[in-house]
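# Report on the structure
Next come the chains, spelled out residue by residue.
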Amino acid sequence: MKVMITRLAFCTFFLLYFSINHAQSIFQKKYGGGADEQPRSLAVTEDNGYAIVGYSTSFGQGEMDIMLSKFDSSGNILWSKTYGGESDDDPKSLINTSDGGFLIGGHTKSFGVGDYDIYVIKTDHMGDVIWQKTFGTTAEDLNWYVLETSDHNYIILGDSRYYNSGLKDIAVIQIDSDGKLMWTKLFSAHQNDWGDMIIESNDGNYFIVGATYSFGAGKHDILLIKMSSSGNILWAKVYGGNAHEYAYCIIQEANGDLLIGGMTSSFGAGMADNLLIKTDNNGVEIWTKAFGGNKDDIIGSLFQTSFSGYYLGGFTESFGAGNRDLYLAKFNMSGSLDWFTTYGSLDEEGTQINNTQLLSSNRIIISGYTNSLAQFMRTADYEYYVVKTNLSGNSGCNQKNFNPQIYNPSISTYNATSSIATTVPIWQSVSAGESDDATPEEIQLCFTSIQNFEIPKQFIRIINNPCRDILKIEMPNSRNIEYEILVNDFIGRTIYKMTNYEEQQIDVSNLRPGIYFLHFHSSEGTQILKFERQ
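Source: prediction; values computed, not measured.

### Concerning the sheet that holds strand β23 (residues 309-316)
Taken in spatial order, the five strands make up an open sheet running β22-β23-β24-β25-β30, and their pairing is antiparallel. Unpaired on one side and paired on the other, β22 (297-305) and β30 (399-402) mark the two borders of the sheet. Sheet twist, expressed as the average angle between the axes of neighbouring strands with direction ignored, equals 20 degrees. Pairing analysis gives seven bridges linking β23 to strand β24 (residues 325-331), with the strands arranged antiparallel. By the bridge assignment for β24, L312 is matched with A329.

Right under this line is the structure:
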């Protein structure tokens with residue numbers, strides 16, 4: 001019998017990487033192989049395309065295999081690969097690494113020593129395996145998120161039932177770029193606790209969000225942990241009401257504020273409503289919003305755009321055309337709703353993990369699954385459902401607009417403490433299960449190509465790229481407008497922030513050698529340039 005583990009998790013703050021110089025498009029497409037395919041995580045690539053990792057029962061060697069697919073900006077499949085063994089292999093997270101390849105995190109029953117073990121695959125830019133590792137104990141060990149750190153190591157976030165009498169503990173593992181174990185931490189309390197996402201903070205430490213049954217006011221509450229770069233707890237906060245709250249995603253803004261996305265059954269209109277919590281960098285609440293309808297509505301992803309606010313992606317059972325639809329929502333910086341759009345057909349469209357990201361062309365990619373729209377492809381259990389929209393949420397078809405009610409709940413905040421165990425998991429290289437080619441079908445539901453468009457105005461130019469201590473710039477079209485300039489590292493941390501900066505050079509002598517991104521944001525447009533500090 002096939003084991004299906006479904007869990008809503010993850011969100012990611014992604015960057016605009018390059019100025020657009022080619023045709024833009026919006027579309028809806030679906031992809032499948034005739035059995036069961038569901039996407040798990042989405043990563044934007046430097047060529048204005050994207051990659052999706054999911055599971056497949058149509059292709060591969062086992063009952064359920066990991067499938068990684070690369071797409072161009074128009075949604076055409078460039079290649080697909082499967083990974084795994086004879087049993088179930090289930091991916092949960094995907095990142096595009098700084099060397100141009102991919103890192104996949106998930107869990108496996110095909111390899112390792114326990115019931116499920118954490119399974120990490122490093123590939124090159126074509127999806128060919130560089131190395132595969134499992135990490136685990138004799139108990140169940142699951143992965144939910146992977147992260148590349150600013151020093152180009154990797155963090156694995158998961159949970160383990162090994163240490164705390166079979167209850168879930170938060171597991172954090174750091175490995176180097178070759179997959180070698182550096183350290184591991186288990187955060188243990190007296191009940192089930194888990195993490196769904198980890199990000200690197202502006203000060204070089206980490207934030208973890210998830211849920212706890214050990215602390216708080218209700219049955220499950222949101223857990224926010226500030227962790228040092230060496231894996232020690234700096235502080236932990238709990239947020240909740242008298243029922244259930246879960247957190248699936250987090251971003252940190254340039255000013256240090258945090259935005260947490262998840263769900264609540266304590267507040268709002270329905271069984272489960274979307275929940276947004278904004279805090280300062282110490283976890284002190286600034287505002288909280290709940291919104292939804294009379295059924296389940298849950299945030300799965302969020303990202304921020306300068307001067308524009310926040311975009312949220314998830315699924316809704318209260319609004320849309322069918323039993324469950326994808327949604328995209330836009331909020332301003334104060335937490336007021338600008339618009340809310342659903343995507344789908346008469347049956348079920350949904351998502352389970354990180355599903356919404358921003359492309360460099362000012363387009364938004366949403367990945368989910370569908371078991372409807374059956375007239376377009378042969379019958380299958382589930383298939384990939386990919387929607388590409390503009391910044392106003394328009395995809396061209398199968399969409400509806402709604403206006404859910406916004407609530408301002410009074411959420412309780414608590415401090416939390418837990419012990420730290422350093423039990424080292426059993427670490428193994430996986431020699432079996434190299435990648436196999438897969439050939440999913442593509443069906444186009446709607447497609448709009450914008451061939452004739454105005455080339456965006458050039459606000460900023462880099463004179464010396466690569467540079468050493470000084471980055472020389474020109475800003476030919478920035479007079480009489482309000483703007484800000486950001487310098488971000490590869491993983492999205494803001495190193496410098498300058499408002500209405502009029503100098504023609506930026507001191508980057510404090511930056512370590514590597515790739516960085518220069519962001520120019522104004523009400524008249526956005527431009528992002530890549531540069532190298534030697």
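### Here's the deal with the nonpolar core
One finds V172, I198, L224, M227, I250, I260 and L312 to be the most contacted residues of the largest nonpolar core, which totals 52 residues. If one sorts the elements of this core by residue count, strand β16 (residues 221-227) sits on top with five residues. Counting 21 residues, the second largest nonpolar core, distinct from the first, contains I462, I481, I506 and F520.

### Structural notes on the sheet that holds strand β2 (residues 37-44)
Strand order in this open sheet of five strands is β2-β3-β4-β5-β35, and the pairing throughout is antiparallel. Edge positions in the sheet fall to β2 and β35 (436-437), since each has one partner strand and no second. In this structure, β2 lies alongside strand β3 (residues 50-56), joined through seven bridges in antiparallel fashion. In the sheet register, A43 faces β3, and the bridge partner there is A51.

### Observations concerning the confidence of the model for the chain
In the predicted model, the chain carries a mean pLDDT of 84, and 86% of its residues have values of at least 70. Scored below 50 in pLDDT, residues 1-23 makes 112 contacts in the model with residues more than four places away or belonging to other chains. Counted against residues more than four places away or in other chains, residues 374-378, with its pLDDT under 50, gives 13 contacts.

### Side note on the pattern of salt bridges
The final tally for this structure, using the stated rule, is 15 salt bridges. With its nearest N and O atoms 2.7 Å apart, the salt bridge here joins E317 to R324. Sharing partners across several salt bridges, the network here consists of R40, D90 and K92.

### Thoughts on the packing of aromatic side chains
All chains considered together, the criterion is met by 16 aromatic pairs. Centroid distance F207 to W235: 6.0 Å. Interplanar angle 55 degrees. Geometry classified as tilted. With F207 in strand β15 (residues 206-212) and W235 in strand β17 (residues 233-240), this residue pair connects regions lying 28 residues apart in the sequence. Neither F207 nor W235 differs from the other in exposure class; each is buried.

Each value, and the rule that gives it
- Residues numbered from 1 in each chain as written.
- Predicted model: local features only at pLDDT ≥ 70, side-chain atom pairs only at ≥ 80, totals over all residues.
- Heavy atoms only, no water.
- Pairing = 2+ DSSP bridges.
- Helix = DSSP H or I, 4+ residues; strand = E, 2+ residues; numbered from the N terminus.
- Axes fitted to C-alpha atoms, helices over the stretch in contact; angles between N-to-C directions.
- Core = buried A, V, L, I, M, F, W, Y, C linked by side-chain atoms within 4.5 Å.
- Buried < 20%, exposed > 50% of the residue type's maximum accessible area, 1.4 Å probe, protein only.
- pLDDT = per-residue confidence, 0-100.
- Contact = heavy atoms within 4.5 Å.
- Salt bridge = Lys/Arg side-chain N within 4 Å of Asp/Glu carboxyl O.
- Phe/Tyr/Trp six-rings, centres within 6.5 Å; stacked < 30°, edge-to-face > 60°.

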